[in-house]
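# Structural characterization, general
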Amino acid sequence: MLKTLLVTGGCGFIGSNFVRFALNHHLAENLVNLDKLTYAGNLANLADVASDPRYRFVKGDITDTALVRGLFEETQPDAIVHFAAESHVDRSIVGPGDFVQTNIVGTFTLLEAARAAWGKETAQRRFLHVSTDEVYGSLGETGRFTEETAYAPRSPYSASKAASDHLAAASFHTYGLPVLITNCSNNYGPFQFPEKLMPLIINNALHGKDLPVYGDGRNVRDWLYVEDHCRALRTVLEKGIPGQTYNIGGNNEQANIDIVTSICNLLDELAGPLPSGAPRTSLIRFVTDRPGHDRRYAIDATKIRRELGWEPQTTFREGLRRTVAWYLKHDGWLQAVLDGSYRDYYQSMYGERLS
Ligand code: NAD
Ligand code: TYD
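Quick look at the structure, then. Please read all numbers here as calculations on a predicted model, not as lab measurements.

### As for the overall build of the protein chain
Along the protein chain, the regular secondary structure elements total 12 helices and 12 strands. Each principal axis of the C-alpha atoms in the protein chain carries an extent, and together these give about 65 × 50 × 35 Å. The proportion of buried residues among the 355 residues of the protein chain is 55%. Considering only contacts in the protein chain between residues 6 or more positions apart, those separated by 24 or more positions represent 81%. Total accessible area on the protein chain is roughly 14900 Å²; 50% of this is exposed by carbon and sulfur atoms. Averaging the locations of the 36 positively and 41 negatively charged side chains of the protein chain gives two centres separated by 1 Å.

This is the structure in structure tokens:
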């Protein structure tokens, strides 16, 4: 078991699922969660573990060198799992600056702080850099991304993640920092911010609003249930070899229009029909495509399966049903995010307003 695990971005979608997973599975004696609480960070995502004596939340920015170095000094983490990032492609198209700052400069700041704190004593340390399959670019009808696929990012988001991956790999090769990199496909599940496809469609379909599908709806992503991603990260942390990259995927390619249709059908079944009696698929609207929209992502996860023994456990059918049911049951969480009141939670916990 680790003594102290430092997680960055633990109040976001995957980070909050991972923090809960890590505490439930006793990955560490202490867990420190460093998060800036941007619009995507929500303290309520971890309300159920906030009073766990092993858990500590620190509000801060990963680009703040003094804060990050001080935190390494003070907490002496033996491992870091680095999630903090600007993560939404559409936002990166509108405003790429924050992506450069957090994803590139922030990752660099963490790598340098780890190097300074750990020095040559790295045998028992791990820096797990959590990244995305989007760094590999866009596939045609065939082929899958392996760890050897050349990087070809096409959005400001994926370009900034690619840059952070290169800095992480360089820290291993140049300084011997015990870096592990994971490149994962699209995640879905509880606590995802409703700007991303699935929660956005679930919310709109639930409330009878239009369902925006970009372009022809035939863009393909490989979807992985978030809990399976958390298990993969644990596996890499415990069994991965420093300096290595591991692709993580669900072996589950879906076209966007098929996902939207499945969500509509599940909601008709679980929430009852719309007041008009029309099926929710009648809300689907094909809208202007995203600029530079990557056509297809697909992960070849052979390496992590063969070398570390990980494979996904949740089928897409099961995961999607669980996800839709979760959002139905947590409509209060969804509405608090949508009306902005989730940010009041910080004030109720810490007595000051979020800037
Ligand atoms: P998210 O947007 O839901 O959460 C990001 C978290 O990082 C938030 O809590 C936010 O407050 C925090 N944060 C942002 N900037 C920060 C800063 N400067 N300092 C400290 N904290 C900051 O993201 P997510 O979907 O949970 O993704 C987490 C990580 O996993 C990202 O690195 C992303 O690139 C990667 N990833 C995501 C997916 C996916 O499908 N969501 C797939 C593969 C990889
Ligand atoms: P998204 O959840 O933003 O993830 P990413 O762009 O990182 O893959 O989008 C998933 C897919 O869904 C992507 O092909 C874009 C598409 N999409 C829509 O068609 N409509 C929407 O409203 C959104 C948010 C996404």
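### Comments concerning the pairing of strand β1 (residues 2–8)
Burial within β1 is extensive, with six of its seven residues counted as buried. Across six bridges, the pairing between β1 and strand β2 (residues 28–35) is parallel. Across the sheet, residue Leu 5 finds its bridge partner in β2, namely Leu 31. Regarding the hand of the β-α-β motif, the stretch spanning β1, helix α1 (residues 13–24) and β2 is right-handed. In this sheet, strand β4 (residues 79–82) lies alongside β1 in parallel orientation, the contact comprising four bridges.

### Focus: the nonpolar core
Of all hydrophobic cores here, the largest spans 40 residues; its most connected members are Leu 5, Phe 18 and Ile 304. Every residue in contact with Phe 18, bar those within four places of it in the chain, is listed here: Leu 5, Val 7, Leu 27, Val 81, Phe 83, Cys 230, Leu 233 and Arg 234. Of all hydrophobic cores here, the second largest spans 34 residues; its members include Phe 193, Met 198, Leu 274 and Trp 333.

The rules we used
Residues numbered from 1 in each chain as written. Chains lettered and ligands numbered in written order. Predicted model: local features only at pLDDT ≥ 70, side-chain atom pairs only at ≥ 80, totals over all residues. Heavy atoms only, no water. Helix = DSSP H or I, 4+ residues; strand = E, 2+ residues; numbered from the N terminus. Buried < 20%, exposed > 50% of the residue type's maximum accessible area, 1.4 Å probe, protein only. Contact = heavy atoms within 4.5 Å. Areas by Shrake-Rupley, 256 points an atom, 1.4 Å probe, with all protein chains shown as cover. Lys, Arg positive; Asp, Glu negative; His and termini not counted. Charge placed at Lys NZ, Arg CZ, Asp CG, Glu CD. Pairing = 2+ DSSP bridges. Right-handed = clockwise from strand over helix to strand, strands pointing away. Core = buried A, V, L, I, M, F, W, Y, C linked by side-chain atoms within 4.5 Å.

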